[in-house]
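# Chains, contacts and geometry: an overview
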Amino acid sequence: MADMVVGTSMAASLPRQRTLLVGTVLATAGTLMYFVGLFGVYLRERAEALGRSGDWIPSGADIQLAQPTLAAWTMMMSVVTMQWVVYSVARNDRTHAIIAAGVTAMFGVSVIITTSFQYTQMGLVADESLAATLIYTISASHLAMITVALVFLGIMVFRALAGNHISHQTDGFVAASVFWYAVVVVYVVIWTAIFVLK
Amino acid sequence: MTIVDTRSETELPQTSGPQPSQAQLVVSELTPSTDLAGILSSSHHQVIGRLYVLCALGLSGLGLGLGLLMNLEKVDLDAGLGIFGNTNELFQVFALYRTTLIMCGLVPLLLGLATAVIPKQLRTVTVAYPRAAAAAFWTWLIGAITHIVATFSYGGLGSLQAGAAREQSVELTLLSLGVVALGLLVGSGVILATLITQRPAGMDLLQMPAFSWSMMVATTVWLFSLPVLLANLVISWVDMRGATALRFGTADAPFEHVAWAFDVPQVYAWALPLLGIVAEVLISAHRSRPKLFEPMVFIVGAFGFLSFGAWAQSFFDSAEPSALDAHVVSNEVVFVVFALGIAGVVLAFGIWLAFNVVSAEQRPIISPQFGLAVLSGALLTAAVTVGVLRVAGSALGVLREADSNLWPGFFDAMDDLAGSSLVTGMMNLVVLAGLLAAVAGIFHWAPRLLGRRLNASLGFLAVVMLGGGAMLYGFTDVLGGFFDQPDRFFVVGSFAVANLDAVDALGFVEALNVIGLVGVVAVLGGLALVVLNVVMSLVSPADLDVADDPSVVDDGDGLTADMSVDGQER
């Protein structure tokens, strides 16, 4: 028996939905591959340096674990609040959705502030060692990623404010959350590969 | 309070005369603009496709022109012909040749074809994100032009000697190549999103037309490899921005850092859609439909998997590898397995295609696209065969570990191939196979892409020039490799080959380079004929409707030859 039906004009005219979500998943996959490329170079160079001289982080630098750990926990808490956003939007609960989005955004901004503060404390000069160059490249790329995620979330909140039924925006919020979770995953890897392992 | 996002009818401006119907408005939005302002600001998939095709053909010509200049230099391996001011300029063109031919020529050409054709294959009105598609095109074009200009402003992807290139220009070259990669990335994402979300109900992923499926696999591989290239470029750029470059921004490191994109296995990924084009062109030339479609789906998928090469970054090869050379990418088992696997996959594809052609039981319609598709398949087969030779030294190294005295002359020869001009020859074969397939696609889908068929006489002339030229140009570097012509035929401060004594039969190799020169001139001529043909068709009024489109054989049930299956028993 025929196992497909194509060609009727009605069937052909029906577009598949969730375009925004699919587009965001693809963009997220590309972004993650960018970080895979960065981490690949970082870990390769780190292994090479440790094998050669036993040193990777320059001796004058003081990379403490307190700020990155705080930022990592903040990011992980934002997973819960972001899921709260999606949950509220799906149930057409505008108030909780906006509160949750605000808290999530606050977590994101606080990670940016924590990272910026850490830059002032590390004593790591960007162009004096390969480790510094790579750490700043990865960390700054992640800050840019957080900014994009915040803008994405802001746009979705703005759209939600303009309509009666925010549940119509569920796909958009799910898309924003997918990108946000990727931001969190990348930070967890940064925390582990750069700050815990040093 | 209720917030509405459309104005009420009373607020709309009232005009006298008959108002256009909703259907007329929709048609006007979906009709490609023909005036200049409309074309430049259009997000119509057909217009964007045309722009991609025209610009990419032009930039492919520029890339081949750079190849011509380098071949001129290789005509005299003793001292060069002095085309370039110094060897740093030659190195910059050596790198620009690769980036232009692949990033500014082949990949955008295939993306343009896909942007124009895929919505029609899927019977949807446009791509998933039309404005993103337009943004991707302009991002790519601006990046490509900036990249070329920056290289010619004493920039390029580094230089043979530290400080020989202008630092700001090198930074701009890196940045602009990043912009090119970003544009291609967005364009790939648009095509992939279109294929996932815009298929008609009832058509699953395994039932897409062959070209659509090959684009799906290709854009997936590109989506996973272009960001890695971008990461390489960002690291080099950041390193250069410091007071002193430490590693990734020094001398020729920026090029070496991204060289994986122009070598096996990644180079195959850039030309991957040729499988779909060749399949569609050859099968429809036999007035047939694909049979045993599922094996083809898996073959193309396997080709995509095996051609992903972002992991094969030889830049990180250890300077002092261990006894087993385990830290040298080209000596790793997976590197060899991928190259051998690709050859097997292409062989399987050839068998599948032969089965379809034989079972069609009809003589093919001889057309320019038919000739180009056959030539493209032949070039790809040759390229993967050369790719096997490229890794043969490493593959046979296992035997040498067991007995170091085993056929020393043969093993040394195989080892030498990895650093010879065979590497560039293989890249040329793959890129030319992709270009020929893309041109075949332009001829095949001309009614959809351009609104009318292309001139067949000019087309046949282009086939002769492109095919003949590609054979001459592609194979001469490969043959030169067997006579130990090095891939980098220049050294710091000298146009001469580093060790002329190592080159066997120098006169013969130089003669081969002259033949290669003739070949690249012929390819350039063929490309110019294709551009002329496309421009002629664009300035002529459209004279075809879909019913005249040879690529659309509507047999009454709404199905077309583009459809992967015939709707009957499978």
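Each remark here, short or long, concerns the structure printed above.
Residues numbered from 1 in each chain as written. Chains lettered and ligands numbered in written order. Predicted model: local features only at pLDDT ≥ 70, side-chain atom pairs only at ≥ 80, totals over all residues. Heavy atoms only, no water.

Residues and elements named next belong to chain B. Of note, the amide linkage connecting Val-264 to Pro-265 takes the cis form, showing an omega dihedral of -5°. As for its placement among the helices and strands, Pro-265 is situated in the loop between α8 (253-258) and α9 (266-270). Backbone geometry at Arg-287 places phi at a positive 50°, although glycine is not the residue there. With respect to the helices and strands, the residue Arg-287 is situated in the loop between α10 (274-285) and α11 (293-307). What makes Arg-287 partly exposed here is its relative accessible area of 48%. (Helix = DSSP H or I, 4+ residues; strand = E, 2+ residues; numbered from the N terminus. Buried < 20%, exposed > 50% of the residue type's maximum accessible area, 1.4 Å probe, protein only.)

All names here are of chain B. Taken N-terminus to C-terminus, the directions of α11 and helix α12 (residues 333-360) make an angle of 160°; their axes are 9 Å apart at the nearest point. It follows from the interaxial angle that α11 and α12 lie roughly antiparallel. Considering how the two elements wind past one another, α11 and α12 form a crossing that is left-handed. Across from Phe-293, Pro-295, Met-296, Ile-299, Ala-302, Phe-303, Phe-305, Leu-306 and Ser-307 in α11, the residues of α12 making contact are Phe-338, Gly-341, Ile-342, Val-345, Val-346, Ala-348, Phe-349 and Trp-352. The residue makeup of the contact of α11 with α12, split by class, is 15 nonpolar, two polar and no charged. (Axes fitted to C-alpha atoms, helices over the stretch in contact; angles between N-to-C directions. Parallel < 35°, antiparallel > 145°, perpendicular 65-115°, else oblique. Left-handed = near helix turned anticlockwise from the far one by under 90°. Contact = heavy atoms within 4.5 Å. Nonpolar A, V, L, I, M, F, W, Y, C, P; charged D, E, K, R; others polar.)

Once that is clear, we can look at the side chain of Ser-177 of chain A. Here Ser-177 of chain A shows up in helix α6 (residues 170-196). Ser-177 of chain A sits in the buried class, given a relative accessible area of 3%.

The interhelical angle for the contact between helix α5 (residues 130-161) of chain A and helix α7 (residues 210-241) of chain B, taken along N-to-C directions, is 125°, at an axis separation of 10 Å. On the basis of the axis angle, α5 of chain A is oblique to α7 of chain B. Here the hand of the crossing between α5 of chain A and α7 of chain B comes out right-handed. Every residue of α7 of chain B that contacts α5 of chain A at Thr-133, Leu-134 and Thr-137 of chain A is listed here: Val-234, Ile-235, Val-238 and Asp-239 of chain B. A per-class count over the contact of α5 of chain A with α7 of chain B returns four nonpolar, two polar and one charged.

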